[in-house]
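Listed here are the chains, written in short residue letters.
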Amino acid sequence: MQISRDEAAAVAEAVATQIAFEQNLVAARLNWNLTFQGFMIASYALVATADGSAPARKFIHTTITLAGFVVALATLFGVLAASQQSKYLKDHWLLHLGENSIYPRPFSVGKGSLWGRLPARVMCGALMAMWIVLLAAGAGLIGK
């Protein structure tokens, strides 16, 4: 499908703007997640050092770890949704402007794209793993 130069410029600008929007969403979601996780880790440590009954402490630790895990998982879903939208936008770019467009691509390809998506996913996965370990430790399943 052949499009005019003006249409190509409009597509290039729209795709670049929307990809930037998705990247900003990922950054905001990670920022919210890390802020929340910091409070949850501090709460977990505060409860661990507080004087109180063991059953209440175990319940509170379980609640904190589950909340931390759920928020990290929800963040991962948000990151994956943004990635899915970015993939759609990249495919749209390639369909309408082609591989050798005169406009600079607002996205990387191949391993560059993979490396760029990896940190957000790893961060969420690491937090989920940390909460699982803390939940298991709090339940007495490890660390004995």
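That block above? That's the structure.
Description of the structure in this document. These numbers were taken from a predicted model, which means no experiment stands behind them. (Residues numbered from 1 in each chain as written. Predicted model: local features only at pLDDT ≥ 70, side-chain atom pairs only at ≥ 80, totals over all residues. Heavy atoms only, no water.)

1. Concerning the overall build of the chain
Secondary structure summary: the chain contains three helices and zero strands in total. Against the 2.2 N^0.38 benchmark of 15 Å for 144 residues, the chain shows a C-alpha radius of gyration of 22 Å, more extended than a compact globule. Expressed along its principal axes, the backbone C-alpha trace of the chain runs to roughly 75 × 25 × 15 Å. Considering the chain as a whole, with its 144 residues, one finds that 28% of them fall into the buried category. Taking the contacts inside the chain whose residues are at least 6 apart along the sequence as the reference set, 78% of them involve residues at least 24 apart. Only carbon and sulfur atoms are counted for the fraction: they give 68% of the accessible area of the chain, which is about 9100 Å². Counting 11 positive and 7 negative side-chain charges, the chain places the centres of these two groups 17 Å from one another. (Helix = DSSP H or I, 4+ residues; strand = E, 2+ residues; numbered from the N terminus. Rg over C-alpha atoms; globule rule 2.2 N^0.38 Å. Buried < 20%, exposed > 50% of the residue type's maximum accessible area, 1.4 Å probe, protein only. Contact = heavy atoms within 4.5 Å. Areas by Shrake-Rupley, 256 points an atom, 1.4 Å probe, with all protein chains shown as cover. Lys, Arg positive; Asp, Glu negative; His and termini not counted. Charge placed at Lys NZ, Arg CZ, Asp CG, Glu CD.)

2. Points about the pattern of salt bridges
Oppositely charged side chains can form a pair if their charged atoms are brought close together. Counted by the stated rule, this structure contains two salt bridges. One salt bridge in this structure joins Glu99 and Arg105, with 3.6 Å as the shortest N-O distance. (Salt bridge = Lys/Arg side-chain N within 4 Å of Asp/Glu carboxyl O.)

3. A word on the packing of aromatic side chains
For the structure shown, the criterion picks out two aromatic pairs. Arranged with centres 6.3 Å apart and planes meeting at 65°, the rings of Tyr44 and Trp131 form a pair that is edge-to-face. In this pair, Tyr44 sits in helix α1 (residues 5–49) while Trp131 sits in helix α3 (residues 111–138), placing the two residues 87 residues apart along the sequence. Judged by its relative accessible area of 1%, Trp131 is buried. With a centroid separation of 5.9 Å and an interplanar angle of 90°, the aromatic rings of Trp93 and Phe107 are classed as edge-to-face. Of this pair, Trp93 sits in helix α2 (residues 54–97) while Phe107 sits in the loop between α2 and α3, and the two are 14 residues apart along the sequence. Across the pair, exposure class does not vary: Trp93 and Phe107 are buried alike. (Phe/Tyr/Trp six-rings, centres within 6.5 Å; stacked < 30°, edge-to-face > 60°.)

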